[in-house]
Amino acid sequence: MLKTEKKWNADPNYMSHQVKIDETIRSTLVDWLIQIHYNFKLLPETLFLTVNLIDRYMSKHQIAKREVQLVGIASLLIVAKYEEIYPPLLKDFVFITDKTYTSEEILDMEKKILFALDFDLNLCSSYRFLERFSKLAKLDQVSFFLSQYMLELGLLDSKMSQHKANAFSIQSHAN
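Residues numbered from 1 in each chain as written. Predicted model: local features only at pLDDT ≥ 70, side-chain atom pairs only at ≥ 80, totals over all residues. Heavy atoms only, no water.

For the protein, the count of helices and strands is 8 helices and 0 strands. Counted from the first residue to the last, the protein has its helices and strands arranged as α-α-α-α-α-α-α-α. Burial status across the protein gives 43% buried among its 175 residues. Of the contacts formed within the protein by residues at least 6 apart in sequence, a portion of 78% connects residues at least 24 apart. When the accessible surface of the protein is summed, it comes to about 10300 Å², and 57% of that surface belongs to carbon and sulfur atoms. (Helix = DSSP H or I, 4+ residues; strand = E, 2+ residues; numbered from the N terminus. Buried < 20%, exposed > 50% of the residue type's maximum accessible area, 1.4 Å probe, protein only. Contact = heavy atoms within 4.5 Å. Areas by Shrake-Rupley, 256 points an atom, 1.4 Å probe, with all protein chains shown as cover.)

Here it is in structure tokens:
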């Protein structure tokens with residue numbers, strides 16, 4: 001996990017290169033995706049990987065304001081297929097966007113994202129590091145869920161990707 005972590009991090013300053021969107025729009029997107037994630041009762045890892053895909057894609061491509069929600073929902077679709085046993089159906093994603101996008105548009109964006117990332121979805125998120133660390137440190141449920149909450153707050157800020165996912169566990173082991 002430590003050896004491969006850096007390979008999948010997005011540039012923490014990529015939002016400064018986006019011309020048509022800003023950090024507020026990205027935060028609104030992630031907040032919306034958190035609500036969808038909760039409503040569909042998806043795995044925590046799905047949320048973290050979705051935000052990672054969004055950040056990696058947006059660090060390589062300029063996004064128009066109209067495409068922000070499309071990039072988010074297509075990323076969620078990709079990760080749900082990858083992580084979930086029973087992912088939501090494509091029609092559910094069309095419905096959740098209030099039919100702003102068609103099935104074809106979502107699938108087209110899915111294809112663009114996958115090609116932009118060279119189909120490289122095999123990654124490890126900060127949530128996986130937390131799971132591993134919590135087992136090693138024998139964290140109680142309260143500590144685990146508090147840590148998970150802190151990680152989820154970090155999803156709202158693109159600059160948080162500059163911090164290593166394993167920083168907490170390495171520092172704790174050093175003490």
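The next point concerns the environment of Cys124. By the element assignment, Cys124 lies in the loop between α5 (103-116) and α6 (126-137). Looking at Cys124, the relative accessible area reads 15%, which means it is buried. Sequence spacing of Cys124 and Asn52 is 72 residues, and the spatial spacing of their C-alpha atoms is 9.8 Å.

What follows covers a nonpolar patch on the surface. Where nonpolar side chains cluster on the molecular surface, the patch consists of Leu146, Tyr149, Met150 and Leu153 and spans about 420 Å² of accessible area. Relative to the helices and strands, Tyr149 resides in helix α7 (residues 141-155). (Patch = residues over 30% accessible without salt bridge, like charges linked within 9 Å, V, L, I, M, F, W, Y side chains within 5 Å. Salt bridge = Lys/Arg side-chain N within 4 Å of Asp/Glu carboxyl O.)

For the rest of this paragraph, the subject is the confidence of the model for the protein. Regions with low pLDDT should not have their predicted coordinates read in detail. Looking at the protein as a whole, its pLDDT mean stands at 83, while 81% of the residues score no less than 70. Taken element by element, the protein is modelled with least confidence in helix α8 (residues 167-174), mean pLDDT 44, and with most confidence in α5, mean pLDDT 96. Confidence over residues 165-175 falls short of pLDDT 50; this stretch has 13 contacts with residues more than four positions distant or in other chains. (pLDDT = per-residue confidence, 0-100.)

α7 packs onto α6 with a crossing angle of 165° between their chain directions and a minimal axis gap of 10 Å. Of the possible angle classes, the one that applies to α6 and α7 is roughly antiparallel. Crossing of α6 over α7 shows right-handed handedness. Residues Ser126, Tyr127, Leu130, Glu131 and Ser134 of α6 pack against Phe144, Ser147, Gln148 and Leu151 of α7. Taken together, the residues of the contact of α6 with α7 sort by class into 4 nonpolar, 4 polar and 1 charged. (Axes fitted to C-alpha atoms, helices over the stretch in contact; angles between N-to-C directions. Parallel < 35°, antiparallel > 145°, perpendicular 65-115°, else oblique. Left-handed = near helix turned anticlockwise from the far one by under 90°. Nonpolar A, V, L, I, M, F, W, Y, C, P; charged D, E, K, R; others polar.)

The next subject is the pattern of salt bridges. In this structure the tally under the stated criterion is 9 salt bridges. Here Lys111 makes a salt bridge to Asp108, at a shortest N to O gap of 3.8 Å. On the criterion of helical spacing, the pair formed by Lys111 and Asp108 is a turn pair, its members being 3 residues apart in helix α5. The exposure class of Lys111 is partly exposed, given its relative accessible area of 45%. Note on Asp108: relative accessible area 32%, which makes it partly exposed. Residues Lys112 and Asp108 are paired through a salt bridge, measuring 3.7 Å at the closest nitrogen-oxygen approach. One end of the pair is Lys112 and the other is Asp108, both in helix α5 and 4 residues apart, which spans about a single turn. Ionic contacts of the salt-bridge type, sharing partners, join the residues Glu45, Glu83, Arg128 and Glu131 into one network.

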